[in-house]
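Now for the letters of each chain:
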Amino acid sequence: KAGVTQTPRYLIKTRGQQVTLSCSPISGHRSVSWYQQTPGQGLQFLFEYFSETQRNKGNFPGRFSGRQFSNSRSEMNVSTLELGDSALYLCASSLGQMRGETQYFGPGTRLLVL
Amino acid sequence: AQSVTQLGSHVSVSEGALVLLRCNYSSSVPPYLFWYVQYPNQGLQLLLKYTSAATLVKGINGFEAEFKKSETSFHLTKPSAHMSDAAEYFCAVSPQQTGANNLFFGTGTRLTVIP
């Protein structure tokens, strides 16, 4: 089975712009979670989508949003970029059926905001 | 609320020495606990997970962890470090509520292996 894929792998944007990141989960997985990883804050949960619905969200401003398509692929969008949004954005997929399932991570998208 | 604390942001060991990475958890319900490893410029890879089936959990690459409820700990060990073990290691816990499939991560421990 192919693993979790994320595109693009690297992005450079300027403040005020918006960005869209994409995540394709493992085949058969219906849950996709997004995380932000920074040196200062570590790994922080953004949101989780399951069957095209946001099921859970972390404590991030409304500039961060996401969606999931019928094929379980997910996108996250960050509007009005700030310097502090520079981070590695990781997505993870799982079956989404029960607590404690293994989450499988993609390689991440590294975003640099100038 | 559930959380994990990793003691020691950096750990250095000599090649062949014991690896011990510490993780303590906080959870009011039986926890699901995980250890992930991250190599430079890569995503996270699952090493092992605890789901209450057995307190001693064996994972990949010779790693294992023991769940100790009395100490609220889930420390990761490997008897003999290898150069390829140099990476960052994260302990994580599942949320308590049903229907939540995300993880809460510790701050990570960077392992250096000295030849």
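To be clear, the structure that these remarks concern was listed above.
No experiment lies behind these values; they were computed from the predicted model shown.

Explain the state of the cysteines to me, please; I cannot follow it from the model alone.
Each disulfide is one covalent bond, formed between the sulfur atoms of two cysteines. Per the counting criterion, the structure on display carries 2 disulfides over all chains. Across the disulfide from A:Cys23 sits A:Cys91; the S-S distance is 1.9 Å. Handedness of the A:Cys23-A:Cys91 disulfide follows from its S-S torsion of about 70 degrees: it is right-handed. With A:Cys23 in strand S3 (residues 19-24) and A:Cys91 in strand S9 (residues 87-94), the pair connects residues that are 68 residues apart, well separated along the chain. Like A:Cys23, the residue A:Cys91 is buried in the burial classification. Disulfide pairing places B:Cys23 opposite B:Cys91 at an S-S distance of 1.9 Å. Because the torsion about its S-S bond is -60 degrees, the bridge between B:Cys23 and B:Cys91 counts as left-handed. Of the two residues, B:Cys23 is situated in strand S3 (residues 19-26) and B:Cys91 in strand S9 (residues 87-93); the sequence distance between them amounts to 68 residues.

What counts, and at which threshold
- Residue numbers here run from 1 along each chain, matching the order of that chain's written sequence.
- Chains carry letters from A onward and ligands carry numbers from 1 onward, assigned in written order.
- Confidence filtering applies because this is a predicted model: local features only for residues at pLDDT of at least 70, side-chain atom pairs given and counted only at 80 or more, and all residues used for totals across whole chains, interfaces and linings.
- Side-chain figures throughout are based on the complete set of non-hydrogen atoms in the structure, without hydrogens or water.
- We call a pair of cysteine sulfur atoms a disulfide whenever their separation is within 2.5 Å.
- The way it works is that DSSP assigns letters per residue, a run of H or I at least four long becomes a helix, a run of E at least two long becomes a strand, and they are numbered from the N terminus.
- Only protein chains enter the accessibility calculation, which uses a 1.4 Å probe. A residue is then buried if its area is under 20% of the maximum for its type, exposed if over 50%, and partly exposed in between.

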